[in-house]
Amino acid sequence: MKIGVTGGQGFIGSWIRTELLRRGHQVVVFDRNPRTEMAAGEEFFLGDIRDETAVVELAAHVEGIIHLAAVLGTQETIGNPRPSADTNIRGSLNVFEAANQYGLPAVYAGVGNAFMRDLGTGSYTISKTAAEDYARMFNAYRGGRITIVRPVNAYGPGQSVAAPYGTSKVRKILPAFTCRALTGAPLEVYGDGTQVSDCVYVGDVARTFAQALEHTAEHSPAKAPVEVGPLESCTVNDIARLVGEEAARITGREPAAIKHLPMRPGEVPNAVVSSDTSTLQQIGMTAADFVPLDEGIHHTVRYYAEQWLPGYLAA
């Protein structure tokens, strides 16, 4: 198929593009800025999901859509919720309407954090959950062909890094821990670290999105959201320990210390970020085939050591 990927230049989007090409599909990358090179079998479509005309034009030229584009950030969007509402709700409606107009199968990236979704706290979660509800409405009453895929915390090589190590506006757990561990700085854990925060390797996330679109195109949308996560849960302290140990093997130093900080706005103590991986069976997958956390962290920490922080390591 020829598949449009909104937000296709992002972290997860880049991995999905590679997976789609590996499966023999063509890819149309729909994004606001052309900042990555297109591979053979790819083309770039300059556009914004808030632009209804541009989204309809995309739908007219593809056979399926994977919708990733969104304003991200749990606590980052609380102080200014309008951009997340505008992009994540209205932009998603544009995608759903365009896909519906042309009868296209589509996959929507939902909220993988069920605990926060049920609480409804945080602009990001509210806006993404609203779009999920619209997707269900299209399927129920408009003949929609939309499968919802909910990955928990995706991690792996290529994820952007926030200050002081990078320019990303959103702080993600694995890059934050890894950069600090490689430089010998204490790993900053919000709260006591006992909160469950499941992570899933980005390659497995990419495979799930590609499989979900193929399944939707051949059969029908999954009846329930497809939740993407590991078989066994882990705490934030577990993640910090594994990152610290891997970084210590690379640098030859003792594992970095763990420093506990107050919880940030939009986060809840004792939260449980996990998933019902049995929902993967709807599209013929199982979490038993996913990359184990220790192996994924091994690949991820070594990626940053080789690609992102050579200056720090040399020092």
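Q: Could you give an account of the packing of helix 1 (residues 11-22) against helix 7 (residues 202-218), naming the residues involved and the relevant values?
A: Axis separation between helix 1 and helix 7 bottoms out at 8 Å; the angle between their running directions is 60°. By the criterion of interaxial angle, the relationship of helix 1 to helix 7 is oblique. Considering only the axes of helix 1 and helix 7, their crossing is right-handed. Where helix 1 approaches helix 7, its residues Phe11, Ile12, Trp15, Ile16, Glu19 and Leu20 are matched on the opposing element by Val202, Gly203, Val205, Ala206, Arg207, Phe209 and Ala210. For the contact of helix 1 with helix 7, the residue count by class is 10 nonpolar, one polar and two charged.

Q: Give me the packing of aromatic side chains: which residues, what numbers.
A: Under the counting rule described, the total for this entry stands at six aromatic pairs. Aromatic pair Tyr155 and Tyr201: ring centres 5.7 Å apart, planes at 75°, arrangement edge-to-face. Within this pair, whereas Tyr155 is found in strand 7 (residues 153-155), its partner Tyr201 is found in strand 10 (residues 199-201), the two being separated by 46 residues in sequence. Since its relative accessible area comes to 10%, Tyr201 is described here as buried.

Q: Tell me what's going on with the nonpolar core, and back it up with residues and numbers.
A: If you look at the biggest cluster of nonpolar residues, it comprises 30 residues, and the most contacted ones within it are Leu20, Ile66 and Phe209. For this core, the elements supplying multiple residues, two or more each, are strand 1 (2-6), helix 1, strand 2 (26-31), strand 5 (106-109), helix 7 and strand 11 (226-228). Ranked by the residues each element gives to this core, the list is headed by helix 7, at seven residues. If we ignore the near neighbours within four places in the chain, the residues touching Phe209 are Ile16, Ile66, Leu68, Val107, Tyr108, Ala109, Val149 and Pro151. Formed by 27 residues, the second largest nonpolar core is a distinct cluster that contains Ile173, Leu174, Val189 and Ala256.

Q: Describe the pattern of salt bridges, naming the residues involved and giving the relevant values.
A: Here the structure, examined in full by the defined rule, presents 19 salt bridges. Here Asp204 ties to Arg207 by a salt bridge, and the two come within 3.2 Å at their closest N and O atoms. In this pair, Asp204 and Arg207 both sit in helix 7, three residues apart, roughly one turn of the helix. The buried category is assigned to Asp204, whose relative accessible area is 4%. With relative accessibility at 24%, the residue Arg207 sits in the partly exposed group. Each of Arg32, Asp48, Arg50, Asp86 and Arg90 takes part in one network of salt bridges that share partners.

Q: Which residues make up unusual backbone geometry, and what values go with them?
A: Along the chain, Ala163 connects to Pro164 via a cis peptide bond; the corresponding omega equals 5°. Its place among the elements puts Pro164 in the loop between strand 7 and helix 6 (173-183).

Q: Go over the environment of Ala210, please, and point to the residues and values.
A: Within the element layout of this structure, Ala210 appears in helix 7. Distance in space between the C-alpha atoms of Ala210 and Ile16 is 6.9 Å, their sequence separation being 194 residues. If sequence neighbours within four positions are ignored, Ala210 has contacts with Glu19, Leu20 and Arg23.

The rules behind each value
Residues numbered from 1 in each chain as written. Predicted model: local features only at pLDDT ≥ 70, side-chain atom pairs only at ≥ 80, totals over all residues. Heavy atoms only, no water. Axes fitted to C-alpha atoms, helices over the stretch in contact; angles between N-to-C directions. Helix = DSSP H or I, 4+ residues; strand = E, 2+ residues; numbered from the N terminus. Parallel < 35°, antiparallel > 145°, perpendicular 65-115°, else oblique. Left-handed = near helix turned anticlockwise from the far one by under 90°. Contact = heavy atoms within 4.5 Å. Nonpolar A, V, L, I, M, F, W, Y, C, P; charged D, E, K, R; others polar. Phe/Tyr/Trp six-rings, centres within 6.5 Å; stacked < 30°, edge-to-face > 60°. Buried < 20%, exposed > 50% of the residue type's maximum accessible area, 1.4 Å probe, protein only. Core = buried A, V, L, I, M, F, W, Y, C linked by side-chain atoms within 4.5 Å. Salt bridge = Lys/Arg side-chain N within 4 Å of Asp/Glu carboxyl O.

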